[in-house]
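# Chain and residue survey
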Amino acid sequence: MNLAVVGTGYVGLVSGTCFAEMGNQVVCVDNLEEKVERLNRSEIPIYEPGLKELVRKNKEAGHLCFTTDIGQAVRQSDVILIAVGTPETETGAADLSYVYAVAEEIGAELDETYKVIVNKSTVPVGTAEAVERIIQKRQPSASVDVCSVPEFLREGSAVKDTFHPDRVVIGGSSQKATEILTELHQPLTDKLVVTDTRSSEMTKYASNAFLATKISFINEIANICDIYDADVNAVAEGMGLDHRIGPKFLNAGIGYGGSCFPKDVKALKYLAEEKEYHPNLLQAVNDVNEQQNRKMVDHLLRIFDEEVQGLTVAILGLAFKPNTDDIREAPALKIIQELADRGVHIRAFDPVATENAKQMITADITYTETAVDAINGADAAFLVTEWDECKSLTSTQFKDHLKRPVVIDGRNALDVKSLKADGIIYHGIGRK
Ligand code: UDX
């Protein structure tokens with residue numbers, strides 16, 4: 001099939017590249033000229049395992065190209081995917097201005113040839129209908145169906161997730177469009193959920209909100225474990241073996257971050273409140289998450305009897321999770337700010353996110369090249385992101401390099417028994 005993908009952010013770039021790899025002819029559009037030039041040289045703006053090789057391969061094979069010319073892309077394609085950002089606004093609502101601007105641009109380029117337009121961006125319920133209205137207003141003779149096929153990929157495993165999805169949800173607005181989209185996605189999975197556009201849009205928000213709920217739930221349990229001297233990792237293991245619960249997304253820690261969960265929980269809450277329904281559960285999920293990233297500093301204050309000014313803390317990991325350079329809504333940002341406000345010196349290490357961090361963080365930080373270098377001379381180590389290099393630090397390394405062997409594990413990723421046996425002053429989140 002001939003596809004156009006508008007927006008070369010995470011979702012657009014990964015899905016466009018993967019559709020090319022599946023044998024489709026794909027043109028990716030972005031309005032940033034410099035970004036398009038770089039992509040045409042196979043320079044990838046994000047850190048995502050396997051993506052660079054796939055972009056290069058498909059560009060060389062002639063299945064994939066990048067352009068700023070949306071008109072040409074629209075004219076030569078049967079299916080046009082909208083994959084632009086829907087950032088959070090001050091109220092918590094999703095900002096749809098980029099989606100609507102693209103709808104206008106597509107409308108301006110259409111003639112009477114039939115096209116399927118697909119919303120891949122995470123959008124509020126009713127957006128496919130709104131996009132169709134914009135296009136029809138701009139071009140009354142246009143022959144389009146606007147559908148919803150939400151994206152469920154995770155950063156750090158985006159290529160793998162795209163080729164091996166648990167399911168594909170197709171919100172079709174007509175029989176014809178549904179058939180075309182079924183044909184496009186069939187090679188990926190036999191688990192296709194075909195529904196209407198509104199239910200499809202809701203499925204994306206509900207899935208992210210449910211995963212966020214699982215995390216906030218186990219974090220709440222961790223906080224209660226802390227009070228009663230129980231170990232949340234053991235509790236999660238015991239819970240997760242129940243098939244109805246499942247073991248995934250039960251890792252307690254300093255809360256969820258990234259470009260999706262925080263934004264999408266708030267956007268869904270806003271959608272409900274807009275219609276005067278108050279979603280108490282979503283409010284609680286968000287509240288627990290916002291409190292959670294204070295836990296590490298709370299431990300530090302307790303250990304040092306509130307006297308933390310002038311101490312040096314090693315921050316191990318800056319990205320919101322391992323295998324990505326993304327620091328959007330990363331717990332590290334708030335933790336660093338809180339420490340800096342209390343007069344704590346910071347040495348920070350991250351294998352790939354340091355450059356992004358430098359652009360976002362104003363506090364004075366010493367960035368190091370290795371995890372060992374970060375803990376060198378520090379009074380305490382904070383494991384913030386569970387990168388292999390950070391979680392493989394040993395008791396000997398902590399004891400040799402830290403001034404005091406204080407390790408605060410925000411991801412419950414270290415072996416509590418062996419660290420304690422080796423004399424490390426260890427604190428996790430809800431660990432005995
Ligand atoms: C998420 C969804 O998983 C994906 O389906 C959607 O398309 C986009 O949002 P992503 O943000 O890339 O993907 O990361 P994910 O691996 O889901 O982790 C999100 C956050 O939750 C991270 O900050 C992670 O550290 C945290 N998390 C995850 C926990 O704190 N505990 C867990 O058990 C799992």
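Per an unreviewed UniProt entry, the protein goes by the name UDP-glucose 6-dehydrogenase and belongs to Salibacterium salarium. Checking UniProt for the protein, the heading Pathway (unreviewed entry) contains the comment "Nucleotide-sugar biosynthesis; UDP-alpha-D-glucuronate biosynthesis; UDP-alpha-D-glucuronate from UDP-alpha-D-glucose: step 1/1." Check the Catalytic activity (unreviewed entry) section of the UniProt entry for the protein; it says "UDP-alpha-D-glucose + 2 NAD(+) + H2O = UDP-alpha-D-glucuronate + 2 NADH + 3 H(+)".

## Points about the overall build of the protein
Counting its secondary structure elements, the protein contains 19 helices and 14 strands. Over its C-alpha trace the protein gives a radius of gyration of 24 Å, about what one expects of a compact globule, namely 22 Å for 432 residues. Projected onto its principal axes, the C-alpha positions of the protein cover 75 × 45 × 40 Å. Put simply, the protein has 432 residues, and 47% of those count as buried. Here the analysis covers contacts within the protein between residues at least 6 apart in sequence; of these, 71% occur between residues at least 24 apart.

## Some words on the confidence of the model for the protein
In the predicted model, the protein carries a mean pLDDT of 97, and 100% of its residues have values of at least 70. Predicted complex metrics record ipTM = 0.98 and pTM = 0.96.

## Quick notes on the site of the ligand
Every one of the 19 residues lining the ligand counts as a neighbour, but Glu-155, Asn-251, Tyr-256, Gly-258 and Cys-260 are closest to it. Per-element tally for the shell around the ligand: the top contributor is helix H9 (residues 197-228), with three residues. Classifying every residue of the shell around the ligand by side-chain character gives ten nonpolar, five polar and four charged. Each of domain 1 (2-194) and domain 2 (204-291) contributes no fewer than three residues to the shell around the ligand.

## A word on the UniProt feature "active site" (unreviewed entry) in the protein
Here the UniProt-annotated "active site" (unreviewed entry) positions come out as Cys-260. Counting through the fold element by element, Cys-260 comes out in the loop between helix H10 (232-240) and helix H11 (261-274).

## Some remarks on the pairing of strand E8 (residues 192-195)
Two elements, strand E7 (residues 168-171) and E8, share four bridges in a ladder whose sense is parallel. Across the sheet, the residue bridging to Ile-170 is Val-194, located in E8. In terms of handedness, the path from E7 via helix H8 (residues 175-185) over to E8 forms a crossover that is right-handed.

## Here we look at the sheet that holds strand E13 (residues 406-409)
Here we have six strands laid out as an open sheet, ordered E11-E10-E9-E12-E13-E14, and parallel in their pairing. Strand pairing shows two members of the sheet lacking a second neighbour, strand E11 (365-367) and strand E14 (425-427), which therefore form its edges. Averaged over all adjacent pairs, the angle separating strand axes in this sheet is 20 degrees, with direction ignored. Bridge analysis of strand E12 (residues 380-383) against E13 gives four bridges, and the strand direction is parallel. If you follow Ala-381 over to E13, its bridge partner there is Val-407. Each of E12, E13 and E14 is contacted by helix H13 (residues 295-303), which is oriented at about 155 degrees to E13, the strand it contacts most.

Thresholds, definitions, all that
Residues numbered from 1 in each chain as written. Predicted model: local features only at pLDDT ≥ 70, side-chain atom pairs only at ≥ 80, totals over all residues. UniProt positions renumbered as here; feature names shortened; annotations may be inferred. Helix = DSSP H or I, 4+ residues; strand = E, 2+ residues; numbered from the N terminus. Rg over C-alpha atoms; globule rule 2.2 N^0.38 Å. Buried ≥ 20, exposed ≤ 12 C-beta atoms within 10 Å, placed from the backbone. Contact = placed C-beta atoms within 7 Å. pLDDT = per-residue confidence, 0-100. Near = placed C-beta within 6 Å. Nonpolar A, V, L, I, M, F, W, Y, C, P; charged D, E, K, R; others polar. Domains from an automatic or database assignment. Pairing = 2+ DSSP bridges. Right-handed = clockwise from strand over helix to strand, strands pointing away. Axes fitted to C-alpha atoms, helices over the stretch in contact; angles between N-to-C directions.

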